[in-house]
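# Summary of structural features
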Amino acid sequence: MYLRSVEATGFRNLATSIEFGPGLNILWGRNAQGKTSVLEAIYILANTKSFRTSTLRDAIAHGASEAIVRGVVEHGAVRRELKFRVAGARKEFFVNEKRESTVDYITQLDAIVFSFEELGVVRGEPAERRRFLDRGVVALRPAYLRTIADYNRILRQKSRLLRDAAEAEDANPGRAASLRSTVGAWNEQLVELGAEMHRERTAYVDRLNAVLARNLFDERLDVRYVSSFEGKGDLDAYEQLYRSRLDLRFDAELASGRALIGPHRDDLEVRVAGRDVDRFGSAGQQRSALLILDLAQVDVYYEAFEEYPILLIDDIDAELDRDRIDRLLGRVEGKAQTFISTSKHDIAESFRSRAEIFSVRDGGVVREVSGASGVRGAGRDAETGES
């Protein structure tokens, strides 16, 4: 898997076309010049979502009516052009100029990102850890995306029904009880989809732990899937347990006007030396834990497909010390195509003999002389602005 090039128009502050190398690519420059935007564009090309915002229209440049990013991807001898277009609330994804559904599109490229925004996976809310798991499952089985979408859609429909039923009970006591069978119809669909989510997530956690057992960076990290039904019954009989809990909690759901139980309430424990890194880990341990999880995802993907996903590391010098940077790059060198952003020119210089180096200034990206390619790009220096 090789992302050969990216071209951006109307996306953030970028106005550029970039040819990348197949190995390590380092983007350096001062803050707010566009380094992270390049990584974000790559991530959206791969995953149809941003790691910086939940609303893609936020990425449209000021004064522009739309944002378009194109990328050329190679799989062996097969080359494809990917494109995404965002105009207002509308987003579209294309392969060789043919519009594709999200499920079909995301099979074309996979990218994993390490960034400050992603630290919520280890120190944020459970929803962020659930999204981390679901992204991993989707990378291995894209059809799982439909499972998540269907579950969330039915969950919203059930919640609306519960709110309506609660209001009906206030106006006409006893009427809400007649809606139990209607809610039950939604519950049956939630049980089926929720059981699939439970199976896929727990299987992915098993894959992660198999990789983590190799002690990446010599730190004893492991993860544990925590079902909201834990301690409530036999998780091996998940569907039966889910149904019984739904029946037991019907009155509570009706009173609250929302769905209270299911895999949308589950969590993931990330532990270092047996201790929850969210509660007991230092900031450094939390950054290390996220990095190790990202590297584990890279290896899980490789074991499934015998090729590596793209790895994106944003603002590497702010999140990792120099020793960890060296060890990280040593792990991925010659394996995953890797994109790194940094504000430190000395970090870029230290890898010049084995990386493509790009300077970024005012949304423009220029390839510098590099030992990896020996190619010089024309343009101003990202630090001095000189030609």
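This section reports on the structure supplied with the text. (Residues numbered from 1 in each chain as written. Predicted model: local features only at pLDDT ≥ 70, side-chain atom pairs only at ≥ 80, totals over all residues. Heavy atoms only, no water.)

## Quick notes on the packing of aromatic side chains
The tally for this structure, following the rule as stated, stands at eleven aromatic pairs. Between F20 and F339, the aromatic rings sit 4.7 Å apart at their centres with planes inclined by 85°, giving edge-to-face as the arrangement. With a gap of 319 residues between them, F20 in the loop between β2 (14-19) and β3 (24-28) and F339 in strand β13 (residues 338-342) connect regions that are remote in the sequence. Per residue, the accessibility class of F20 equals that of F339, and both read buried. Pairing F93 with Y105 gives two aromatic rings, centres 5.0 Å apart and planes at 50°, and the pair type is tilted. Here F93 is found in strand β6 (residues 90-95), whereas its partner Y105 is found in helix α2 (residues 102-105), with twelve residues between them in sequence. (Phe/Tyr/Trp six-rings, centres within 6.5 Å; stacked < 30°, edge-to-face > 60°. Helix = DSSP H or I, 4+ residues; strand = E, 2+ residues; numbered from the N terminus. Buried < 20%, exposed > 50% of the residue type's maximum accessible area, 1.4 Å probe, protein only.)

## Remarks on helix α12 (residues 322-332)
Taken together, the buried positions of α12 are R324, I325, L328, L329 and V332. The buried side chains of α12 occupy one side of the element, clustering within an arc of 130° when seen end-on. Phi turns positive, to about 80°, at G334, one or two residues after α12. (Arc of directions from axis to C-beta.)

## Brief notes about the pairing of β2
Of the two faces of β2, the one lined by L14, T16 and I18 is fully buried and the one lined by A15, S17 and E19 carries no buried residue. Here six bridges tie strand β1 (residues 2-11) to β2, and the two strands are oriented antiparallel to one another. The partner of A8 across the bridge, within β2, is T16. Counting the residues between successive antiparallel strands, the hairpin from β1 to β2 contains two residues, one of them, R12, with a positive phi of roughly 50°. (Pairing = 2+ DSSP bridges.)

## Observations concerning the nonpolar core
The biggest cluster of nonpolar side chains holds 109 residues, and the ones touching the most others in it are F11, F20, V270, L293, L312 and L328. Those residues within four positions of V270 in sequence are excluded, and the remaining contacts are V121, V122, L221, D222, V223, R275, D276, V277, D278, A289 and L293. Among the nonpolar cores identified, the runner-up in size contains seven residues, and L161, A165, A166 and F250 belong to it. (Core = buried A, V, L, I, M, F, W, Y, C linked by side-chain atoms within 4.5 Å. Contact = heavy atoms within 4.5 Å.)

## Describing the environment of A61
Relative to the helices and strands, A61 is located in the loop between α1 (35-47) and β4 (67-75). Assessed through its relative accessible area of 16%, A61 is described here as buried. Sequence separation of A61 and G76 is 15 residues, and the distance between their C-alpha atoms is 34 Å. If we skip the residues at most four places from it in the chain, A61 touches G10, F11 and R12.

## Side note on the side chain of T147
Mapped onto the secondary structure, T147 falls in helix α5 (residues 144-171). For T147, the side chain forms a polar contact with the side chain of E196, separated by 3.1 Å. With near-sequence residues (within four places) excluded, T147 lies in contact with R141, L193, E196 and M197. (Polar contact = N/O pair within 3.5 Å; in protein donor to acceptor, adjacent residues only side chain to side chain.)

## Points about the pattern of salt bridges
Per the stated rule, a full pass over the model turns up 33 salt bridges. Of the charged contacts, one joins E74 and R4 as a salt bridge, the two residues approaching to 2.6 Å between their closest N and O atoms. Residue E74 is found in strand β4, and its partner R4 is found in strand β1; the two are separated by 70 residues along the sequence. Residue E74 is classed as buried on the basis of its relative accessible area, which comes to 14%. On the basis of relative accessibility, which here comes to 25%, the residue R4 falls in the partly exposed class. With a closest N to O distance of 2.7 Å, E74 and R79 form a salt bridge. (Salt bridge = Lys/Arg side-chain N within 4 Å of Asp/Glu carboxyl O.)

## Considering the sheet that holds β6
Spatially, six strands are ordered β2-β1-β4-β5-β6-β7 in an open sheet, and the strand pairing comes out antiparallel. On the outer flanks of this sheet lie β2 and β7 (98-99), each paired with one strand and no other. Pairing between β4 and strand β5 (residues 78-87): nine bridges, direction antiparallel. Looking at β5, one finds that G71 is bridged to L82. In the packing of α1 onto the sheet, the strands contacted are β1, β2, β4, β5 and β6, and the crossing angle to β1 comes to about 110°. (Axes fitted to C-alpha atoms, helices over the stretch in contact; angles between N-to-C directions.)

Scope: geometric values only; no functional claims are made or implied.
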